[in-house]
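Residue strings, one per chain:
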Amino acid sequence: MKRVVILIRVKTFLEEVKSGSIDTDKFVSDVKASSSSMQEKYAPFITLNEGFGKATPQKGALQYLPVSVKDCLCTEGIRTTAGSKILETYVPNFDATAVAKVKAAGGMILGKTAQDEFGFGTFSTNCAYQVPKNPYDPERTCGGSSGGAGCATAAADFPHIAIAESTGGSITAPAAFTGTVGLTPTYGRVSRYGLIDYSNSMDKVGVISKEVYDSALMLSVIAGHDPLDSTSHNKGSEDFTKYIGKDVKGMKIGVPKEYFSSIDSNVKKLVEDAIAKLEGQEAEISEISLPSTKYAIAAYYIIAMGEASTNLAKYCGMRYGKQDKISGEFSEYFSSIRSSGFGEEAKRRIILGTYMRAAGFRDAYYIKALKVRSLLIKEFKAAFKGVDAIATPSMPMLPPRFDEIAKLSPLEIYNMDKMTTAPNLCGFPTISIPVGTSQGLPVGMQLIADHFMEGRLISLAAAAEVIK
Amino acid sequence: MSIMIGLEVHCQLNTESKLFCSCEAYPRDAQPNSSTCEICLGYPGTKPVINKKAIDHVISIGLALGCRINPESYFSRKTYFYPDMPKNYQITQYEVPIASEGSIEVNGMRIRIRRVHLEEDPARIVYADGNLETASHVLVDYNRAGTPLAEIVTEPDMKSPKEARAFLEKLSTILEYLKVYDQSKGASLRVDANISVDGGERAEVKNVTGFENVEKALNYEAVRQQNIVRLGRKVERETRHFDEVAKTTRTLRKKEFEEDYGYIFDPDLPVLDISDEWKSKIEKGMPELPDIMVKRFLKQYGISEYDAKVIVYTGKDFASFFEDVCRIYSKPKAASRWMINYLLKSLNWRSERISQSKASPDTFSELLTMIDKGEITERYAKELIKEYVDTGLRPSEIALKSGAKPSLQGLRDIVKKVIKDNTKAASEFAAGKNDALAYLIGAVLKETGKRGDPKEIARMIKEEISNASVAQ
């Protein structure tokens, strides 16, 4: 296995750009060459930005920093497919708000990273394009659905931050499997404008990066209210890097027992070690219980599929995306476009989602799932009265091999999300940090905090990072 | 056989921009698909942001219809595939609408309002050859997509097509008074009418514009359903289309089951909180409603209830015109008589609203004053109004210009002169001899060259002679 070399840290790079000690032309061509060879090896991208580095970037916090963007975020003039064949030819005429903020801060869009189609997956294997390969072992998954973002972050030998997105764990999973940091902000913290919808009540734009500092920096850039997104919270942004280096002494960490049963023993040990190390810095550790967690996966998939099935209705071969010669009736035309344009998992979720919101089933599934969500939020909120953060493994296992994944049933795959669905369903911020390797494969720990408490997560994650 | 009718009225709301984006809502003379953006075309990644003005409008409709304004209401997605739907779901309100449970009185009947909710209009479908059944393809104009609509749903409280029409006429006047609906901008009212006979299954006639059409569609439907019942068969639950040319309804689709739109809460739009402050702000800003205005007119102007209702329900512009005339001209009864009987007729003949016409309170008051002064006869005034509405010229100018018509500004002077020249006949008439009146009229007509209304002349002679007697 080839361990990725961090040639230069993001923080150092940005300081050196400011002081003028970086040959930016050389840097741009080096990054282009390097990302091309990275693409050949691991395929993190669906589309590399042909125009990378062509325009002089804006002055700002990210000046000259290569930033990759998950393919479900719209980028003006750069093809945006969300991992789907149905959008193979779609070139948006506007930037997602998060992308516009990155550009305004001087970041340079490197390319669009691979993902499961519309975010429907845990291993990035439900992708209509190349499946990204884990830089730790190309026979294994990078996780999903933001697999390309994790892959690029792990594989890049240049300073880089990835804009990713999570609905039910799509940042935590790839961060854990690629040994990177994944920050999933509170729902509403970052604008969703320009994010191609999977499940709007849960979709969150976030970050995958090499270091906690990088994630905190990027969150500072992309957070904040957006008048174009009615669900974006009225809070402004702040400098989240200031939470790095804060003393964690006396901070209370809850360890929910439900999250440590029936998981890979190597994963369990490494996460417990990391928690013990935080305890060594005088964080107060206590066992807690979140019994309703067992309903989280079911509730998550019902709501997610219900919403997704309406979101995907718009793809019908009119106005944008995949088109065909028009013949027959409208229903015949759009059925043919959708049959050939959507992958198997997308079709599965449309059918299940449509079923779960249909008259007669709606109350038993969709409405009930919404109630479970309220119940889970209450349970977590009660826990946050006693603890500042909750620590769990990020994923219940080591990154599986592609041939192993091929043998899994959809339900077995859905069950892999058991660490991440509850906080994602409830809109709580989480951070996944690497806590070591087992059999040469990375393991992540997930920290969960109350809404808008990203600062606490960053302090704890940075403390855990220092001791790694 | 008893008839039950319930209506769903879709009113395009009077806003500058569309419901969820900043595109112009009623672009004038716009090319198809020019008033569109990535949001109203439903491009991937775009999100709706609600137009507050549209919410204001629905609150005021709710209040005017005596509804409860719900402090929390929700937006939902109604999913179905149709080429006029940019997202293949419509953002509407399902669980809790902005306003619930009101009623209005129409000709002494109380029509209950079930709900008033806010939703987006789909695009406009244009049949390639103008006909739904024969067109080989359709064209779609998304300029209309995203126009704010208020949907007003009644209980099935109307018992005849005529009642349904009366309800619609009253409702549209209320909407116009509220300034939430402005036809002059191109906004329309579209009606889905549900009708059943003798408690049988109902048929829904979709998307009818024009109240006359609604009445016709319902009449046709009532007869159709009654015939089915008479033959001992059962009316089927279905959706029907009204053919505006043939004035008949046709099956669009059978509804064996309740349509399944798979409603979910729209996760892009938060709960709509309407505070008491918001509600009372709208309440305070609400204009005088038609029924209240009728009562005020009775009191303030002393006109008949019939006249007051005609003036008020003809439209807000007509009522304002009346009030403006009354500010200049001191006889409200005469003003209302002339406005209703003649001015309105001429306007209707031209299918023109008073606000679009060339008539003005100032010039119309001049006309009324000319009649009073006897400068023109009533008979001629009726003629003159037509030309006045056609040309917008001042009535005095029309009267002067018109050679063919009697220039009777001096009619009263002629009458005076004739009386003076024929004192004998005048005193005979004063003494009660009616033949003398005929003689005097003849003398006046001789002077005018047979121009002038004999009745009018007779009235003037009587006035002049009685004035003279009083003077003596």
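For clarity, every value in this text was computed on a predicted model and none was experimentally measured.

Parameters at a glance
Residues numbered from 1 in each chain as written. Chains lettered and ligands numbered in written order. Predicted model: local features only at pLDDT ≥ 70, side-chain atom pairs only at ≥ 80, totals over all residues. Heavy atoms only, no water. Helix = DSSP H or I, 4+ residues; strand = E, 2+ residues; numbered from the N terminus. Rg over C-alpha atoms; globule rule 2.2 N^0.38 Å. Contact = heavy atoms within 4.5 Å. Areas by Shrake-Rupley, 256 points an atom, 1.4 Å probe, with all protein chains shown as cover. Lys, Arg positive; Asp, Glu negative; His and termini not counted. Charge placed at Lys NZ, Arg CZ, Asp CG, Glu CD. Pairing = 2+ DSSP bridges. Buried area = accessible area lost by both parts, 1.4 Å probe. Salt bridge = Lys/Arg side-chain N within 4 Å of Asp/Glu carboxyl O. Polar contact = N/O pair within 3.5 Å; in protein donor to acceptor, adjacent residues only side chain to side chain. Nonpolar A, V, L, I, M, F, W, Y, C, P; charged D, E, K, R; others polar. Buried < 20%, exposed > 50% of the residue type's maximum accessible area, 1.4 Å probe, protein only. Axes fitted to C-alpha atoms, helices over the stretch in contact; angles between N-to-C directions. Patch = residues over 30% accessible without salt bridge, like charges linked within 9 Å, V, L, I, M, F, W, Y side chains within 5 Å. 1 Å grid on protein atoms, 1.4 Å probe; cavity = no way out; pocket = protein on both sides within 12 Å on 5 of 7 lines; lining within 4 Å. Points joined across faces, edges and corners; volume = space filled by probe spheres on them. Domains from an automatic or database assignment. Core = buried A, V, L, I, M, F, W, Y, C linked by side-chain atoms within 4.5 Å. pLDDT = per-residue confidence, 0-100. Parallel < 35°, antiparallel > 145°, perpendicular 65-115°, else oblique. Left-handed = near helix turned anticlockwise from the far one by under 90°. Phe/Tyr/Trp six-rings, centres within 6.5 Å; stacked < 30°, edge-to-face > 60°. Lys NZ or Arg CZ within 6 Å of the ring centre and 35° of its normal.

Novice: Report on the overall build of chain A, specifying residues and quantitative values.
Specialist: Check the secondary structure of chain A and you find 15 helices and 13 strands. Its C-alpha atoms give chain A a radius of gyration of 21 Å, near enough to 23 Å, the size a compact globule of 468 residues would have. Along the first, second and third principal axes, the C-alpha atoms of chain A reach 70 × 55 × 45 Å. Within chain A, counting contacts between residues at least 6 apart in sequence, those at least 24 apart form 76% of the total. Total accessible area computed for chain A in this model is approximately 16,600 Å², and 53% of it derives from carbon and sulfur atoms. Charge centroids of chain A, computed over 53 positive and 50 negative side chains, lie 2 Å from each other.

Novice: I'd like to hear about the pairing of strand 6 (residues 99-106) of chain B, residue by residue, with values.
Specialist: All names here are of chain B. Pairing of strand 2 (residues 68-69) with strand 6, which is carried by two bridges, proceeds in the antiparallel orientation. Among the inter-strand pairings, Ile 69 is bridged to a residue of strand 6, identified as Ala 99. The loop that links strand 6 with its antiparallel partner strand 7 (residues 109-120) comprises two residues; one of these, Asn 107, has a positive phi angle of about 45°.

Novice: Give a description of the interface of chain A and chain B that names residues and reports values.
Specialist: Quite often, the size of an interface is put as the accessible area lost when its parts meet. Contacts between the two partners involve 40 residues from chain A and, on the opposite side, 35 residues from chain B. Both sides together, the interface formed by chain A and chain B hides about 2,900 Å², and carbon and sulfur atoms give 57% of it. Inspection of the chain A/chain B interface yields three salt bridges. The salt bridge involving Asp197(A) is made with Lys47(B); its shortest N-O contact spans 2.7 Å. The tally of links from chain A across to chain B stands at 21 residue pairs in polar contact (both at pLDDT 80 or more). Elements that contribute at least two residues to the side of chain A that touches chain B include exactly helix 8 (296-311), helix 9 (330-341) and helix 11 (363-386) of chain A. No other element matches helix 8 of chain A, which puts four residues into the side of chain A that touches chain B. Per-class residue counts for the side of chain A that touches chain B are 22 nonpolar, nine polar and nine charged.

Novice: Hey, could you go over the environment of Pro122(B) for me, with residue numbers and the actual values?
Specialist: Residues and elements named next belong to chain B. Looking at the element boundaries, Pro 122 is found in the loop between strand 7 and strand 8 (124-127). Note on Pro 122: relative accessible area 12%, which makes it buried. Once residues within four sequence positions are removed from consideration, Pro 122 is found in contact with Asp 84, Met 85, Gln 90, Arg 144 and Ala 145.

Novice: Tell me about helix 4 (residues 147-155) of chain A, and name the residues and values.
Specialist: Within helix 4 of chain A, nine of the nine residues are buried, which leaves the element mostly enclosed by the surrounding structure. Among the residues of helix 4 of chain A, Gly147(A), Gly148(A), Ala149(A), Gly150(A), Cys151(A), Ala152(A), Thr153(A), Ala154(A) and Ala155(A) are the ones counted as buried.

Novice: So what's going on with the sheet that holds strand 5 (residues 89-92) of chain B? Residues and values would help.
Specialist: Pairing between the strands of a sheet comes from backbone hydrogen bonds, and it takes one of two forms, parallel or antiparallel. If you walk across this open sheet you meet the three strands as 5-4-15 (chain B), and the pairing is antiparallel. Looking at which strands have only one partner, the edges of the open sheet turn out to be strand 5 and strand 15 (264-265) of chain B. Alignment of strand 4 (residues 76-79) of chain B against strand 15 of chain B, held across two bridges, turns out to be antiparallel. Bridged to Ser76(B) within strand 15 of chain B is Phe265(B). The sheet contacts of helix 8 of chain A involve strand 4, strand 5 and strand 15 of chain B, and relative to strand 4 of chain B the element is tilted by about 60°.

Novice: Quick rundown of a nonpolar patch on the surface? Include the residues and the values.
Specialist: All names here are of chain A. Side chains of Tyr 355, Phe 361 and Tyr 365 sit close together on the surface and give an oily, nonpolar patch of about 260 Å² of accessible area. Along the chain, Tyr 355 falls in helix 10 (residues 344-356). Classification of Tyr 355 as partly exposed rests on a relative accessible area of 37%.

Novice: For empty space enclosed by the protein, give the residues involved together with the corresponding values.
Specialist: Throughout the structure, instances matching the rule amount to nine cavities of 30 Å³ or more. If you add up the space inside the largest cavity, you get close to 130 Å³. Along its surface, the largest cavity is lined by 17 residues, and Phe20(B), Ile39(B), Pro48(B), Lys87(B) and Glu120(B) are the ones closest to its centre. Class assignment for the residues of the lining of the largest cavity results in eight nonpolar, two polar and seven charged. Forming the boundary of the second largest cavity are 17 residues, of which Gly121(A), Thr122(A), Gly168(A), Ser170(A) and Asp417(A) lie nearest the centre. Residue composition of the lining of the second largest cavity, by class: five nonpolar, 10 polar and two charged.

Novice: Requested: an account of the side chain of Asp121(B), with residues and values cited.
Specialist: All names here are of chain B. Relative to the elements of secondary structure, Asp 121 occurs in the loop between strand 7 and strand 8. Here the side chain of Asp 121 touches Arg 190 through a polar contact of 2.6 Å, side chain to side chain. Once residues lying within four places of it in the same chain are set aside, the contact partners of Asp 121 are Gln 12, Arg 144, Ala 145, Gly 146, Thr 147, Leu 149 and Arg 190.

Novice: Just give me the short version of the domain arrangement of chain B, but keep the residues and values in it.
Specialist: All names here are of chain B. You can read the domains of chain B as domain 1 (3-283), domain 2 (288-401) and domain 3 (411-471). Measuring from the centre of the C-alpha atoms in domain 2 to the corresponding centre in domain 3 gives 30 Å. Three residues, Gly 374, Thr 377 and Arg 379, lead the burial of domain 2 against domain 3; their summed loss comes to 68% of the area buried on that side. At the junction of domain 2 with domain 3, the criterion picks out zero salt bridges. Between the two partners, domain 2 and domain 3, sit zero residue pairs in polar contact (both at pLDDT 80 or more). Mapped by element, the contributors of at least two residues to the side of domain 2 that touches domain 3 are helix 9 (361-373) and helix 10 (378-391). The element that contributes the greatest number of residues to the side of domain 2 that touches domain 3 is helix 9, accounting for three residues. Grouping the constituent residues of the side of domain 2 that touches domain 3 by class yields two nonpolar, two polar and four charged.

Novice: Let's hear about the pattern of salt bridges: which residues, and what values?
Specialist: As enumerated under the stated definition, the model contains 63 salt bridges over all chains in all. We note a salt bridge from Glu345(A) to Arg349(A), for which the minimum N-O separation is 2.7 Å. You can see Glu345(A) and its partner Arg349(A) sitting in helix 10, four residues apart, about one turn around the helix. Each member of the pair, Glu345(A) as well as Arg349(A), carries the same accessibility label: buried. With a closest N to O distance of 3.4 Å, Glu428(B) and Lys424(B) form a salt bridge. Placement of both Glu428(B) and Lys424(B) in helix 13 (residues 423-430) is noted, with a separation of four residues, approximately one turn of the helix. Salt bridges sharing partners connect three or more residues here, namely Arg192(A), Asp197(A), Asp229(A), Lys47(B), Arg77(B), Asp266(B) and Asp268(B).

Novice: I'd like a description of the nonpolar core, backed by residues and values.
Specialist: Counting residues in hydrophobic clusters, the biggest one holds 153 residues, and the most contacted among them are Phe118(A), Met218(A), Ile222(A), Phe380(A) and Met445(A). A per-element tally of this core places helix 8 of chain A first, with 10 residues. What Phe380(A) contacts, discounting residues up to four positions off in sequence, is Tyr259(A), Leu290(A), Thr293(A), Ile390(A), Ala422(A), Pro423(A), Phe428(A) and Ile448(A). Core analysis: the second largest hydrophobic core is formed by 66 residues, Ile3(B), Phe20(B), Ile91(B) and Val191(B) among them.

Novice: Can you tell me about the confidence of the model for chain B, naming the residues and giving the values?
Specialist: Residues with a pLDDT of 70 or more make up 96% of chain B, whose mean pLDDT is 90. If you check the scores for this complex, the pTM reads 0.89 and the ipTM reads 0.94.

Novice: Explain the packing of helix 2 (residues 161-177) of chain B against helix 3 (residues 211-230) of chain B to me, using residue names and the numbers behind them.
Specialist: Residues and elements named next belong to chain B. Put simply, helix 2 and helix 3 touch, their axes get as near as 9 Å, and they point 160° apart. The angle between the axes of helix 2 and helix 3 places the two elements in the roughly antiparallel class. Crossing angle aside, the handedness with which helix 2 passes helix 3 is right-handed. On helix 3, the residues touching Pro 161, Lys 162, Ala 164, Arg 165, Leu 168, Glu 169 and Ser 172 of helix 2 are Phe 211, Glu 212, Val 214, Glu 215, Leu 218 and Asn 219. Class assignment of the residues belonging to the contact of helix 2 with helix 3 gives a composition of six nonpolar, two polar and five charged.

Novice: Break down the packing of aromatic side chains for me, with residues and values.
Specialist: The final tally for this structure, using the stated rule, is 32 aromatic pairs over all chains. Ring plane angle 45° and centroid distance 5.6 Å describe the contact between Phe94(A) and Tyr193(A), whose orientation is recorded as tilted. One end of the pair, Phe94(A), is in the loop between strand 2 (66-70) and helix 3 (97-104); the other, Tyr193(A), is in the loop between strand 7 (181-184) and strand 8 (204-209), and 99 residues separate them in sequence. Classification of Tyr193(A) as buried rests on a relative accessible area of 4%. Among the aromatic residues, ring-to-ring pairing joins Tyr90(A), Phe118(A), Phe120(A), Tyr198(A), Tyr315(A), Tyr320(A), Phe342(A) and Tyr43(B) into one connected group. Over the ring of Phe452(A) we find Lys235(A), and its NZ or CZ is 4.9 Å from the ring centre. When the ring centre of Tyr261(B) is taken as origin, the NZ or CZ atom of Lys78(B), which lies over that ring, is 4.3 Å away.

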